[in-house]
Amino acid sequence: MLEQLTIRNFAIIDDLSITFNEGLNIFTGETGAGKSIIIDALGLLTGERASASFVRHGARKAFVEGVFSLNDSQFDKISEFINIEENTLIITKEVDENGKSTNKINGRITTLSNIKLIMHNILDIHSQNDNQYLLDHKHHLGLLDSFGGEELLNIKKTYEISYDTYKNLQKE
(Lines give C-alpha, C1' and ligand atoms only; values in the text may rest on other atoms or scores of the structure.)
Protein backbone atom coordinates (compact mmCIF):
# COMPACT_ATOMS: atom_id res chain seq x y z
CA MET A 1 0.00 0.00 0.00
CA LEU A 2 1.22 3.48 -0.82
CA GLU A 3 1.50 5.24 2.54
CA GLN A 4 3.12 8.51 1.56
CA LEU A 5 3.99 10.39 -1.61
CA THR A 6 6.39 13.33 -1.64
CA ILE A 7 6.84 15.49 -4.74
CA ARG A 8 9.13 18.50 -5.06
CA ASN A 9 9.86 20.72 -8.07
CA PHE A 10 7.90 18.46 -10.39
CA ALA A 11 6.08 20.21 -13.28
CA ILE A 12 3.95 22.87 -11.55
CA ILE A 13 4.24 21.30 -8.08
CA ASP A 14 6.59 23.14 -5.74
CA ASP A 15 6.36 20.92 -2.65
CA LEU A 16 3.66 18.35 -1.93
CA SER A 17 3.39 15.56 0.61
CA ILE A 18 0.35 13.28 0.71
CA THR A 19 -0.33 10.68 3.36
CA PHE A 20 -2.71 7.95 2.24
CA ASN A 21 -5.16 6.13 4.45
CA GLU A 22 -5.98 2.46 4.23
CA GLY A 23 -8.81 1.80 1.80
CA LEU A 24 -9.93 3.93 -1.11
CA ASN A 25 -8.21 7.28 -1.73
CA ILE A 26 -9.60 9.55 -4.44
CA PHE A 27 -8.21 12.64 -6.17
CA THR A 28 -10.85 15.04 -7.38
CA GLY A 29 -10.66 18.53 -8.78
CA GLU A 30 -11.28 20.76 -11.73
CA THR A 31 -9.55 20.32 -15.05
CA GLY A 32 -6.02 21.69 -14.76
CA ALA A 33 -5.83 21.27 -10.98
CA GLY A 34 -2.84 18.91 -11.29
CA LYS A 35 -4.34 15.46 -10.78
CA SER A 36 -2.58 14.05 -13.84
CA ILE A 37 0.74 15.51 -12.67
CA ILE A 38 0.46 13.45 -9.50
CA ILE A 39 -0.23 10.37 -11.64
CA ASP A 40 2.83 11.21 -13.79
CA ALA A 41 4.93 11.40 -10.63
CA LEU A 42 3.61 8.01 -9.51
CA GLY A 43 4.48 6.68 -12.96
CA LEU A 44 8.12 7.55 -12.34
CA LEU A 45 8.00 5.37 -9.25
CA THR A 46 6.86 2.41 -11.36
CA GLY A 47 9.83 2.73 -13.70
CA GLU A 48 8.62 5.07 -16.40
CA ARG A 49 11.36 7.10 -18.03
CA ALA A 50 12.00 10.60 -16.78
CA SER A 51 12.46 13.71 -18.85
CA ALA A 52 13.88 17.17 -18.24
CA SER A 53 10.39 18.57 -18.88
CA PHE A 54 9.34 17.16 -15.49
CA VAL A 55 11.66 19.58 -13.66
CA ARG A 56 9.79 22.66 -12.46
CA HIS A 57 10.79 25.89 -14.19
CA GLY A 58 13.64 27.52 -12.28
CA ALA A 59 14.51 24.39 -10.28
CA ARG A 60 17.61 22.25 -10.67
CA LYS A 61 16.04 18.90 -9.75
CA ALA A 62 12.67 17.24 -9.46
CA PHE A 63 12.15 14.78 -6.61
CA VAL A 64 9.52 12.06 -6.21
CA GLU A 65 9.41 9.57 -3.36
CA GLY A 66 6.90 6.90 -2.42
CA VAL A 67 6.78 4.99 0.85
CA PHE A 68 5.04 1.64 0.52
CA SER A 69 4.06 -0.90 3.16
CA LEU A 70 4.32 -4.43 1.82
CA ASN A 71 2.18 -7.41 2.65
CA ASP A 72 3.96 -10.72 3.26
CA SER A 73 3.47 -11.92 -0.32
CA GLN A 74 4.92 -8.71 -1.79
CA PHE A 75 7.79 -8.82 0.70
CA ASP A 76 8.63 -12.41 -0.30
CA LYS A 77 8.61 -11.57 -4.03
CA ILE A 78 10.71 -8.44 -3.64
CA SER A 79 13.24 -9.95 -1.24
CA GLU A 80 14.20 -12.34 -4.06
CA PHE A 81 15.59 -9.34 -5.97
CA ILE A 82 16.78 -6.90 -3.31
CA ASN A 83 17.85 -7.10 0.29
CA ILE A 84 15.16 -5.57 2.45
CA GLU A 85 14.70 -6.18 6.15
CA GLU A 86 11.32 -4.64 6.85
CA ASN A 87 8.00 -4.57 5.09
CA THR A 88 8.63 -0.95 4.10
CA LEU A 89 9.79 -0.03 0.63
CA ILE A 90 10.95 3.48 -0.27
CA ILE A 91 11.31 4.31 -3.96
CA THR A 92 13.02 7.60 -4.82
CA LYS A 93 13.49 9.25 -8.20
CA GLU A 94 15.43 12.45 -8.84
CA VAL A 95 15.52 14.09 -12.26
CA ASP A 96 17.94 16.91 -13.02
CA GLU A 97 17.42 19.79 -15.43
CA ASN A 98 19.28 17.84 -18.16
CA GLY A 99 16.92 14.85 -17.87
CA LYS A 100 19.43 12.61 -16.06
CA SER A 101 17.75 10.62 -13.35
CA THR A 102 18.77 8.73 -10.24
CA ASN A 103 16.72 5.82 -8.91
CA LYS A 104 16.91 4.54 -5.35
CA ILE A 105 15.36 1.67 -3.46
CA ASN A 106 15.50 2.12 0.31
CA GLY A 107 18.26 4.70 -0.10
CA ARG A 108 20.46 2.64 -2.41
CA ILE A 109 21.03 3.59 -6.03
CA THR A 110 19.55 1.08 -8.45
CA THR A 111 18.69 0.67 -12.11
CA LEU A 112 15.45 1.56 -13.82
CA SER A 113 14.97 -2.11 -14.73
CA ASN A 114 15.12 -3.06 -11.02
CA ILE A 115 12.47 -0.46 -10.24
CA LYS A 116 10.24 -1.87 -12.98
CA LEU A 117 10.82 -5.41 -11.81
CA ILE A 118 9.77 -4.87 -8.23
CA MET A 119 7.15 -2.17 -8.68
CA HIS A 120 5.24 -4.41 -11.07
CA ASN A 121 4.10 -6.26 -7.94
CA ILE A 122 3.39 -3.16 -5.86
CA LEU A 123 1.64 -0.38 -7.79
CA ASP A 124 -0.85 -0.34 -10.65
CA ILE A 125 -1.96 2.89 -12.26
CA HIS A 126 -5.30 2.88 -14.06
CA SER A 127 -6.66 5.72 -16.13
CA GLN A 128 -10.15 6.66 -17.20
CA ASN A 129 -10.16 4.60 -20.42
CA ASP A 130 -8.74 1.38 -18.98
CA ASN A 131 -12.22 -0.15 -19.10
CA GLN A 132 -11.76 -0.44 -22.88
CA TYR A 133 -9.16 -3.14 -22.17
CA LEU A 134 -11.89 -5.26 -20.56
CA LEU A 135 -14.09 -4.98 -23.65
CA ASP A 136 -11.40 -6.19 -26.06
CA HIS A 137 -11.91 -9.92 -26.62
CA LYS A 138 -8.17 -10.42 -27.25
CA HIS A 139 -7.57 -9.96 -23.51
CA HIS A 140 -10.39 -12.11 -22.14
CA LEU A 141 -8.50 -15.42 -21.98
CA GLY A 142 -5.55 -13.86 -20.16
CA LEU A 143 -7.85 -12.17 -17.67
CA LEU A 144 -9.71 -15.41 -17.06
CA ASP A 145 -6.45 -17.32 -16.57
CA SER A 146 -5.22 -14.74 -14.05
CA PHE A 147 -8.22 -15.48 -11.81
CA GLY A 148 -7.00 -19.07 -11.51
CA GLY A 149 -3.96 -17.87 -9.61
CA GLU A 150 -0.41 -19.17 -9.58
CA GLU A 151 -1.45 -22.83 -9.59
CA LEU A 152 -3.43 -22.50 -12.84
CA LEU A 153 -0.67 -20.46 -14.47
CA ASN A 154 1.85 -23.20 -13.62
CA ILE A 155 -0.44 -25.87 -15.08
CA LYS A 156 -0.88 -23.77 -18.22
CA LYS A 157 2.88 -23.31 -18.58
CA THR A 158 3.48 -27.06 -18.16
CA TYR A 159 0.83 -27.74 -20.80
CA GLU A 160 2.38 -25.24 -23.23
CA ILE A 161 5.81 -26.88 -22.85
CA SER A 162 4.31 -30.33 -23.37
CA TYR A 163 2.35 -29.17 -26.39
CA ASP A 164 5.44 -27.55 -27.95
CA THR A 165 7.38 -30.79 -27.40
CA TYR A 166 4.55 -32.76 -29.01
CA LYS A 167 4.46 -30.45 -32.05
CA ASN A 168 8.25 -30.67 -32.48
CA LEU A 169 8.17 -34.46 -32.27
CA GLN A 170 5.33 -34.54 -34.77
CA LYS A 171 7.40 -32.49 -37.22
CA GLU A 172 10.38 -34.85 -36.81
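Cut-offs used in this document
Residues numbered from 1 in each chain as written. Predicted model: local features only at pLDDT ≥ 70, side-chain atom pairs only at ≥ 80, totals over all residues. Heavy atoms only, no water. Salt bridge = Lys/Arg side-chain N within 4 Å of Asp/Glu carboxyl O. Helix = DSSP H or I, 4+ residues; strand = E, 2+ residues; numbered from the N terminus. Buried < 20%, exposed > 50% of the residue type's maximum accessible area, 1.4 Å probe, protein only. Pairing = 2+ DSSP bridges. Axes fitted to C-alpha atoms, helices over the stretch in contact; angles between N-to-C directions. Contact = heavy atoms within 4.5 Å.

Visitor: What is the right way to look at the pattern of salt bridges in this model?
Guide: If the charged atoms of two oppositely charged side chains come close together, the side chains can form a pair. Across all of its chains, the model carries four salt bridges by this definition. With a closest N to O distance of 3.4 Å, arginine 56 and aspartate 14 form a salt bridge. Here the residue arginine 56 occupies a position in the loop between α1 (35–45) and β3 (61–69), and aspartate 14 occupies one in strand β2 (residues 13–19), the gap between them amounting to 42 residues. On the accessibility criterion, arginine 56 (29% relative accessible area) is partly exposed. Between lysine 61 and glutamate 94 there is a salt bridge, with its nearest N and O atoms 3.6 Å apart.

Visitor: I tried to follow the environment of asparagine 98 on my own but got confused; where do I start?
Guide: With respect to the helices and strands, asparagine 98 occurs in the loop between β4 (88–96) and β5 (101–105). In sequence terms asparagine 98 and serine 53 are 45 residues apart; their C-alpha atoms lie 8.9 Å from each other.

Visitor: Looking at this structure, I do not really get the sheet that holds strand β1 (residues 2–10). What am I missing?
Guide: Paired through their backbone hydrogen bonds, the strands of a sheet run either parallel or antiparallel. What the six strands build is an open sheet, ordered β2-β1-β3-β4-β5-β6; its pairing is antiparallel. Taken across any chain shown, the strands that pair with only one partner, and hence form the sheet edges, are β2 and β6 (108–110). Each strand axis lies, on average, 15 degrees off the axis of its neighbour in the sheet, ignoring direction. Contacts from α1 reach β1, β2, β3 and β4, with the element oriented near 105 degrees to β1.

Visitor: Teacher, can you tell me more about unusual backbone geometry here?
Guide: Phi is mostly negative for residues that are not glycine, and the peptide bonds are mostly trans. For asparagine 9, which is not glycine, the phi torsion reads 55 degrees and is therefore positive. Among the secondary structure elements, asparagine 9 is positioned in strand β1. Even without being a glycine, alanine 11 presents a positive backbone phi close to 55 degrees. Checked against the element boundaries, alanine 11 lands in the loop between β1 and β2.

Visitor: I tried to follow α1 on my own but got confused; where do I start?
Guide: Side chains of residues three or four places apart in an α-helix project in the same direction, reflecting 3.6 residues per turn. Those residues of α1 that fall on the buried side of the exposure criterion are Ile37, Ile38, Ala41, Leu42, Gly43, Leu44 and Leu45. Of the surrounding elements, those touching the buried residues of α1 are β1, β2, β3, β4 and α3 (112–119). After α1 finishes, the residue glycine 47 shows a positive phi value of roughly 110 degrees.

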